[in-house]
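# Survey of secondary and tertiary structure
Single-letter residue listing:
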Amino acid sequence: MNAPSGLRNVRGQGELAVQWADALQVISHVRLRGACPCSQCRASKLRGGISAVRDDVRVERIEVQGYGVQLVFSDGHERGIYPWQYLRELG
Ligand SMILES: [Zn+2]
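Residues numbered from 1 in each chain as written. Predicted model: local features only at pLDDT ≥ 70, side-chain atom pairs only at ≥ 80, totals over all residues. Heavy atoms only, no water.

## Observations regarding the nonpolar core
We count it as follows: By nonpolar core we mean a set of buried residues, namely Ala, Val, Leu, Ile, Met, Phe, Trp, Tyr and Cys, connected to one another through side-chain atoms within 4.5 Å. Partly exposed residues are those whose accessible area sits between 20% and 50% of the maximum for their type, while under 20% is buried and over 50% is exposed, using a 1.4 Å probe and protein chains only. Helix and strand assignments follow DSSP, with helices taken as H or I runs no shorter than four residues and strands as E runs no shorter than two, numbered in order from the N terminus. Contacts are assigned to residue pairs with any non-hydrogen atoms lying within 4.5 Å of each other.
Within the largest apolar cluster, 18 residues are counted, with the highest numbers of intra-cluster contacts made by Leu-32, Leu-71, Phe-73, Tyr-82 and Leu-87. Those elements that provide at least two residues to this core are strand 2 (15-19), strand 5 (68-73) and helix 3 (84-89). Sorting elements by how many residues they give to this core places strand 5 first, with three residues. In contact with Tyr-82, not counting residues within four places along its chain, are Leu-32, Arg-33, Ala-35, Cys-36, Pro-37, Gly-68, Val-69, Leu-71, Phe-73, Leu-87 and Leu-90.

Written out as structure tokens, the structure reads:
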């Protein structure tokens, strides 16, 4: 899976725009927060504790990590690294 050619954080609309070679994908920050793949979030989902995601949560910062992107959220959560393939599947 190749990295996207562009990543844009559209904070005003609460969306992340991902430019792939063949498509533009737009994912809401709320969706991204709810789909956080870090071990902590996955464990809480397994326990059935679907932790409520605030609908005003925003992506504050984007850190590209080679195989994916680390998202820093406005609620202070920053553990999730979203591999490109996973990100693509969220669309
Ligand atoms: Zn997480």
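Having seen the model, we can carry on.
## Digging into the sheet that holds strand 1 (residues 6-10)
Let me state the cut-off plainly: Pairing between two strands requires that DSSP report at least two bridges joining them. The angle between two axes is taken between their N-to-C directions and runs from 0 to 180 degrees, where each axis is a line fitted to C-alpha atoms and a helix contributes only its stretch in contact.
Pairing in this open sheet of three strands is antiparallel, and the strands run 1-2-3 from one edge to the other. The outermost strands of the open sheet, each flanked by one partner alone, are strand 1 and strand 3 (24-28). On average, each strand axis in the sheet is tilted by 15° relative to the strand beside it, whichever way the strands run. As judged from the five bridges shared by strand 1 and strand 2, these two strands associate in the antiparallel manner. In the strand pairing of strand 2, Gly-6 is matched with Gln-19.

It is worth stressing that arrangement in space is one thing and function is another; only the former is reported here.
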